[in-house]
Amino acid sequence: MKELEEVLKDWEPVIGLECHTELTTLQTKMFCGCRLSHDDEPNTNVCPVCLGMPGALPAPNKAAIQSIVLAGLATNCEIMKRSMFYRKNYFYPDMAKNFQTTQGPIAFCMGGWLDLEVTGAAARERYDDGTLTPGPEGGYIAHVGITRIHMEEDAAKMIHVGGIDGRIDGADHSLIDYNRCGTPLIELVTEPDLRSPEEARLFMEKLRQIFLTLGISDCSLESGSMRCDGNISLRRRGTKKFGTKTELKNINSFKSLHDGLEYEIRRQAEVLEEGGIVYQETRHWETSTKRTLVMRTKETADDYRFFPEPDLAPYDLSEEFIEDVRSRLPELPDARRDRYAQSFGIKRSDAAQIAGDPDVAKFFEAAMEGKDIKLARSVANVILNDLAGYLNAEGKTVATMSITPAQVASLADLLATDAITSSQGREVFQAMAETGKDPAAIVDERGMRQVSDLSALEPVVESVLEACPDQVAQYKGGNTKVIGYLVGQCMKASKGNGNPKLFNQLLSQKLG
Amino acid sequence: MSAYIEDLDAALIAKAVKEGSISALEVAQASLDAIDKRDPQIHAFIQVTPELALKAAQDIDNARAQGKELPPLAGVPIAFKDNMHLIGSRTTCASHMLENYESVFTATAVQRMLDAGCVPVGKLNMDEFAFGSSTESSYFGHTCNPYDIERVPGGSSGGSAAAVASGMVPLTLGSDTGGSIRQPASFCGVVGFKPTYGMVSRYGIVAFGSSLDQVGPFGRSVHDVALAMNALAGRDERDCTSQPWNIDFTADLNSGVEGMKIGIVSSLNNAEGVEAEVVDAINKAAQNLTAAGAELVEVELPHAAAAIAAYYVLAPCEAFSNLARFDGVRYGHRPNDARDLADMTSRARAEGFGPEVKRRIMLGAHLLASGVYDKYYYPAQQVRALITEDYKKAYEQVDAILMPTSPHTAFKFGELSNPTQMYLSDMFTISLNIAGNAGISVPVGFGSASGLPIGAQLIGPAFQDHKLLRIAASLEASYEATQCAPGFTKKGGLLS
Amino acid sequence: MSLSLDDVRGIAEYARIALNADELTEMTSYLNDALERVLEPITHFELDGVVPVFHPIGDLSNVMRDDVPSNESLPIDVALQNTASQEDRFFRIPSILGNGGER
């Protein structure tokens, strides 16, 4: 197979996404009062409604409909006042009624969009034909249309027993746990506007940031509370007609989404260039072998026999209902990024990273509470470097760690005022994370205060110059780089407490 | 001692129990005895629930002994169509599919009758999953018409009508999707009421056509039916199509029809296929209403002819989807030697469902297919709009419309063997379900030729059910009080 | 245009109703009879511009419940009491693709 860059010269990928998100932050299921808790013992949170018992009827969860309206408002959708639930009829026992209650041609949210800023290496995945809209920090802006977001219910979990690795193929029998059945689920469908795996990844990432900020889901790709399918086809560069698409499933990370799509682009290009046919089929991304495999071939489109759900009255959402939801709309990641960049003066890319995670953003703002905005850069640095590294290594999150915003602010302050060096900063962070002590206490305990008193530093410089006649000679001979070595000797002599910037200045003066 | 309840209606029983002239336990036992004696002949019951009945009756007697105020229908034996869930009973829908299905909850309508003091004596026969007009399609065998055991009791709530007509219980509940309460009431000479859609909760009633189904009572008098409606009506948060309603249906019941306008649709009443004795009986009923002070007004229902077609599109589509859940996984019949899941489900359904159920499912599955949907389903919902509008216009001129319940009296078993021929006999009852309005069948004597009961149907606008009952009570008053079928009466009952 | 045996076989497969050859023939003639005798009239009405009514419920709309647990989940023995096959706390079904060991 050709490399992606090669393929892009001749072919234009056309990608659309279907993203399912469980509304995990609600208390109850979509159509019954069972609790939302998938991890309980099998079939604990089940009732006549979600078990599809004869005679049971659905009663929609108001908070779920508020959540989807919130999602629609946050993604620039039009909120449709009039809409109906529909039944999607197909036989599969993970859907207890053998139909899924979903929405018809008109969903609660229609016709939205999101803009993506694609920068750096990511931008190289898109062929530049000169029509791209430039981004504020290089790269370009991709405008992605959202067709609709509709409300539906999730299916039960099945366990396939007796096959290899729990696969359905070759399984001896299967077991069904209906705890998840009926979980409120919103499905967002994009227009086929995405043109690269990176754009797809960025879109999902952005969507996740938005939904997390709205607080409507825990958005875990790993546990499956956020799931994504990609539809992808290729067309000859310069042509308009869509090629045959394949549907990519089983994506459980942003990397899988990117890598699966990239593989499909390269695979389809190879098939097409060899004069073959791309079949409309569902393919499954296998992480271990890094390839896509056919799940099933769709000979004809499935006929789900949709019709309006007779058990549920139609919706005619009032202006008050929509405005009530709008009033709960929090500051969204893009707006927050701009605010951080403007009012705190931190780098736009740093601001975007902090603003993208509501817990981190909250932490940042708590750390900055009552502080001079000059401290912001240092706080941002500690969060994005020390803290992010620590959480990554420990497998923790901002929500589950014990480090407080005040501790981070205090460490940032020590760094910003040159009281400690950056390498000391890392040590203090580590100690703070392990012991829970405040940075100032750690610094005192370990005698780490950076010494910036010139009268204390001068003798150190004098003794180092004396001890290193060779390097002094080299410096005077024009090799000014050797000053780095001398600063290092000064630091060593001061047991790491001396201010390296001041050592440098003093050395330059004396040698100059 | 054994009590006779044949001549007692619900109102009298409740009164006697409240006064203490009879105990709830005696009444319950009398009902169970009557079932023991008569049901082998009639076969109205699929299951009798003596434990539930005696326990409920004992509770009422205890409450009375403790001086507590008794609910309005305390001690009245009741039985439920077997598509209604009642904890402690099986709910079979008269199907092999659900032969052993134990109710896991109690239907709201059932619970409301129990809360009103009714004593549950059993579950009643019906057409399988309520698909039919004769109760012949029950997996457990047909129910006989108490007026002539060679004849059908009507359907699908045939057991509900026959149980009342044969004096085994004074009150039953049925469900009506296209006439399934009114037509058997007509065939068995009792009162059967289909309330406005949304008046009574459907929660816990095994669904047939969700936008058409409505639960309603059978009794031997309009007054009993009104008492039952007092218990049944009102919003249930579990049924999102139910609506708030709080009115005493008995309050104006005897206020008469003076000055009211009753609509007559001549083209319908004299349509092809309506038997002469039925036409005569309806004309007589019209005269009686005039005599009571009502004015007859000719009205038009221009789209009535489309109702049967629309119904047989909508009902099978909804039924197909509602019955998809019977896949043998969570409940219901399941073959134990299936090759795979699809084989298991296909055979569970092939073995578990009777022929008419399969036919309706297949018809619905076809009608909803893409390409077919636009030809039938969508137009049927448009026709629904037209029919609803027709009724609205008619009700601007009249308070209710009078017409036959059925074009003929009870037919013999096997007489209507072609399913589509059976469908066409629902001509008077079906359009009401499409519009969601209320209708009641009131006994108006016996056919001059057949000697069998004839029911007159009164239909009224949505949520004017109390007014419709008032008109029905007035019509009823122009006839002799409704008795049990001959052979099932026992003059000189307990209170005499 | 009437339905063929093949059409009806396809519908039966979708609707999960096993039919033998005789039943298939009978079902086909029933469906065609129902379509021609009972349903055909629906195709003859002038319906241009008629807004369909899907629910006979007047102006009822926006029926929702609050997001509060009902505490009405079923005990496990009740949830499973009507199933023909269970294992531990699960509903058990045969092999979905039919290529496993169980028969």
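Keep in mind that this is a model prediction, so the values were computed, not measured.

## Quick look at the overall build of chain A
Scanning chain A for helices and strands turns up 16 helices and 17 strands. Counting every position in chain A, which comprises 512 residues, the buried fraction comes to 55%. When contacts within chain A are restricted to residue pairs at least 6 apart in sequence, long-range pairs at least 24 apart make up 71% of them. When the accessible surface of chain A is split by element, carbon and sulfur atoms take 49% of a total near 22,000 Å². Counting 59 positive and 76 negative side-chain charges, chain A places the averaged centre of each group 2 Å from the other.

## Observations concerning the packing of helix 6 (residues 333-343) of chain A against helix 8 (residues 358-368) of chain A
Residue and element names in this part refer to chain A. Axis separation between helix 6 and helix 8 bottoms out at 12 Å; the angle between their running directions is 30°. As the angle between them shows, helix 6 and helix 8 are arranged roughly parallel. The crossing of helix 6 and helix 8 is left-handed. Judged by residue contacts, Arg336, Arg339 and Tyr340 of helix 6 engage Pro358, Ala361, Phe364 and Glu365 from helix 8. Here the residues of the contact of helix 6 with helix 8 are counted per class, giving four nonpolar, no polar and three charged.

## Focus on the layout of surface pockets
One water molecule sets the probe size; rolling that probe over the atoms shows where empty space is left. Residue and element names in this part refer to chain A. A volume near 1,600 Å³ is recorded for the second largest pocket. Glu205, Gln209, Gln353, Gly356 and Asp357 are the residues nearest the centre of the second largest pocket, which is lined by 39 residues in total. Looking at the lining of the second largest pocket, the elements that each hand over two or more residues are strand 6 (109-118), helix 3 (197-214), helix 6, helix 7 (348-355), helix 8 and helix 9 (376-394). The residue makeup of the lining of the second largest pocket, split by class, is 18 nonpolar, eight polar and 13 charged. A domain-level breakdown of the lining of the second largest pocket finds at least three residues from each of domain 1 (4-304) and domain 2 (365-445).

## Quick look at helix 11 (residues 341-352) of chain B
Think of an α-helix as 3.6 residues a turn; residues three or four steps apart then line up on the same face. Over its 12 residues, helix 11 of chain B extends 16 Å from the first C-alpha to the last, a length consistent with the 16 Å expected when each residue adds 1.5 Å. Burial runs high along helix 11 of chain B: nine of the 12 residues are buried. Among all positions in helix 11 of chain B, only Leu341, Asp343, Met344, Thr345, Ser346, Ala348, Arg349, Ala350 and Gly352 of chain B are buried. Looking at the buried residues of helix 11 of chain B, the elements they touch are helix 12 (355-367) of chain B together with strand 2 (90-94) of chain C. Among the residues of helix 11 of chain B, the N-terminal cap falls to Asp340 of chain B, whose side-chain oxygen and the backbone nitrogen of Ala342 of chain B are separated by 3.1 Å.

## A few points about the interface of chain B and chain A
The interface is formed by 39 residues belonging to chain B together with 31 residues belonging to chain A. At the boundary of chain B with chain A, the tally comes to one salt bridge. Here Asp311 of chain A makes a salt bridge to Arg202 of chain B, at a shortest N to O gap of 3.0 Å. Applying the counting criterion to the chain B and chain A interface returns 17 residue pairs in polar contact (both at pLDDT 80 or more). Mapped by element, the contributors of at least two residues to the side of chain B that touches chain A are helix 10 (307-322) and helix 11 of chain B. Top contributing element to the side of chain B that touches chain A by residue count: helix 10 of chain B, with five residues.

## A look at the pairing of strand 3 (residues 119-124) of chain B
The side chains of a regular strand alternate between the sheet's two faces. Residue and element names in this part refer to chain B. Burial analysis of strand 3 places six of its six residues in the buried class, the great majority of the element. Across three bridges, the pairing between strand 1 (residues 45-48) and strand 3 is antiparallel. Residue pairing across strands places Val48 opposite Gly122, the latter belonging to strand 3. Bridging between strand 2 (residues 77-81) and strand 3 involves five bridges; their strand directions are parallel. Directly across from Ala79, in strand 3, lies its bridge partner Gly122. One crossover worth recording links strand 2 to the parallel strand 3 by way of helix 4 (residues 108-115), and it is right-handed.

## Quick look at the pattern of salt bridges
Overall, the coordinates contain 61 salt bridges over all chains when judged by the stated rule. The residue Asp343 of chain B makes a salt bridge to Arg339 of chain B at a minimum N-O spacing of 3.5 Å. We classify Asp343 of chain B as buried; its relative accessible area is 8%. Because the salt bridges share partners, they merge into one network encompassing Glu117, Lys206, Asp334, Arg337, Asp338 and Arg348 of chain A.

## Let's talk about empty space enclosed by the protein
Within this structure, the stated rule accounts for three cavities of 30 Å³ or more. Taken as a whole, the largest cavity spans an internal volume of roughly 200 Å³. Along the wall of the largest cavity there are 24 residues; nearest its centre are Val49, Ala56, Pro58 and Lys97 of chain A together with Arg325 of chain B. Within the lining of the largest cavity, the residues separate by chemical class into 13 nonpolar, five polar and six charged.

## A word on unusual backbone geometry
For the bond running from Gly155 of chain B to Ser156 of chain B, omega is 5°, close enough to zero to count as cis. Take Ser156 of chain B: it is sitting in the loop between strand 3 and helix 5 (158-165). Despite not being glycine, Asn98 of chain A shows a phi value in the positive range, around 60°. What makes Asn98 of chain A buried here is its relative accessible area of 2%. Phi is positive for Asp165 of chain A, which is not a glycine, with a value near 55°. Mapping Asp165 of chain A onto the fold places it in the loop between strand 9 (157-161) and strand 10 (173-177). The exposed category is assigned to Asp165 of chain A, whose relative accessible area is 68%.

## Focus on the sheet that holds strand 16 (residues 307-308) of chain A
Residue and element names in this part refer to chain A. The strand order across the open sheet built from three strands is 5-4-16, with neighbouring strands paired in antiparallel fashion. Either end of the sheet is taken by a strand with one partner, and the two such strands are strand 5 (99-103) and strand 16. In this sheet, strand 5 lies alongside strand 4 (residues 85-89) in antiparallel orientation, the contact comprising five bridges. Opposite Asn89, over in strand 5, you have Phe99 as the bridge partner.

## Here's the deal with the packing of helix 10 of chain B against helix 12 of chain B
All names here are of chain B. Running from amino to carboxyl end, helix 10 crosses helix 12 at an angle of 100°, the nearest separation of the two axes being 7 Å. Judged on the interaxial angle alone, helix 12 and helix 10 are roughly perpendicular. Each of Tyr312, Val313, Pro316, Cys317 and Phe320 in helix 10 lies in contact with helix 12, whose residues at this interface are Arg360, Ile361, Leu363, Gly364, Ala365 and Leu367. By residue class, the composition of the contact of helix 10 with helix 12 is nine nonpolar, one polar and one charged.

## What about the domain arrangement of chain A?
Each assigned domain of chain A is listed with its residue range as follows: domain 1 (4-304), domain 2 (365-445) and domain 3 (454-511). Here the C-alpha centre of domain 3 of chain A lies 61 Å away from the C-alpha centre of domain 1 of chain A.

## Looking at the interface of chain C and chain B
With 52 residues of chain C in contact, the opposing surface of chain B contributes 67 residues. For the pair chain C and chain B, the two sides together bury roughly 5,100 Å², of which 70% comes from carbon and sulfur. Per-residue buried area on chain C facing chain B is highest for Tyr30, Ile42 and Asn82 of chain C; these three make up 13% of the total on that side. Seen at the junction of chain C and chain B, the total is one salt bridge. Across the salt bridge formed by Glu72 of chain C and Arg238 of chain B, the nearest N and O atoms sit 2.6 Å from each other. Mapped by element, the contributors of at least two residues to the side of chain C that touches chain B are helix 1 (5-14), helix 2 (21-39) and strand 2 of chain C. Taken together, the residues of the side of chain C that touches chain B break down into 37 nonpolar, seven polar and eight charged.

Here is what the cut-offs are and how they apply
- What you see as residue numbers is a count from 1 along each chain, following the sequence as written.
- Here chains are named by letter from A upward and ligands by number from 1 upward, in the order in which they appear as written.
- A pLDDT threshold of at least 70 governs which residues receive local features in this predicted model, and a stricter bar of 80 or more applies before side-chain atom pairs are shown or counted, although totals over entire chains, interfaces and linings include all residues.
- With hydrogens and water stripped out, all remaining heavy atoms of the structure feed into the side-chain values.
- By definition, any uninterrupted DSSP run of H or I lasting at least four residues is a helix, any uninterrupted run of E lasting at least two residues is a strand, and each is numbered from the N terminus.
- For each residue, the accessible area found with a 1.4 Å probe, counting protein chains only, is set against the maximum for its type, and the residue is called buried under 20%, exposed over 50%, and partly exposed in between.
- Residue contacts are defined here by distance: any two heavy atoms, one from each residue, within 4.5 Å place the two residues in contact.
- Note on areas: Shrake-Rupley, 1.4 Å probe, and residue coverage restricted to the protein chains presented here.
- Lys and Arg are tallied as positive, Asp and Glu as negative. Neither His nor the chain termini are counted.
- The atoms used to mark charge sites are NZ of Lys, CZ of Arg, CG of Asp and CD of Glu.
- For every element, the axis is a line fit to its C-alpha atoms; helices are fit only across the contacting stretch, and the angle between N-to-C directions ranges from 0 to 180 degrees.
- Roughly parallel means an angle under 35 degrees; roughly antiparallel means over 145; roughly perpendicular covers 65 to 115; every other angle is labelled oblique.
- Each crossing gets its hand from how the near helix is turned against the far one by less than a right angle, where anticlockwise is left-handed and clockwise is right-handed.
- When residues are sorted by character, Ala, Val, Leu, Ile, Met, Phe, Trp, Tyr, Cys and Pro go into the nonpolar class, Asp, Glu, Lys and Arg into the charged class, and all the rest, Gly among them, into the polar class.
- Buriedness of a pocket was judged along seven lines, with at least five required to meet protein on both sides within 12 Å; pockets are open sets of points on a 1 Å grid over the protein atoms alone, cavities are sets where a 1.4 Å probe fits but cannot get out, and lining residues have an atom within 4 Å of a point.
- Grid points are joined across faces, edges and corners, and a volume is the space filled by probe spheres set on the points.
- Domain borders in the structure are assigned automatically or taken from a domain database.
- Multiplying 1.5 Å by the residue count of a helix minus one yields the expected span of that helix.
- The definition of a polar contact used here is a pair of N or O atoms within 3.5 Å, where within protein one atom must be able to donate a hydrogen and the other to accept one, and adjacent residues in sequence count solely through side-chain atom pairs.
- Here a salt bridge means any side-chain nitrogen of Lys or Arg lying within 4 Å of a carboxyl oxygen belonging to Asp or Glu.
- At least two DSSP bridges between two strands are needed for those strands to be called paired.
- By convention a crossover is right-handed if, when the strands point away from the viewer, the path from the first strand over the helix to the second runs clockwise.
- Two parts placed together each lose some accessible area under a 1.4 Å probe, and adding up what both lose gives the buried area.

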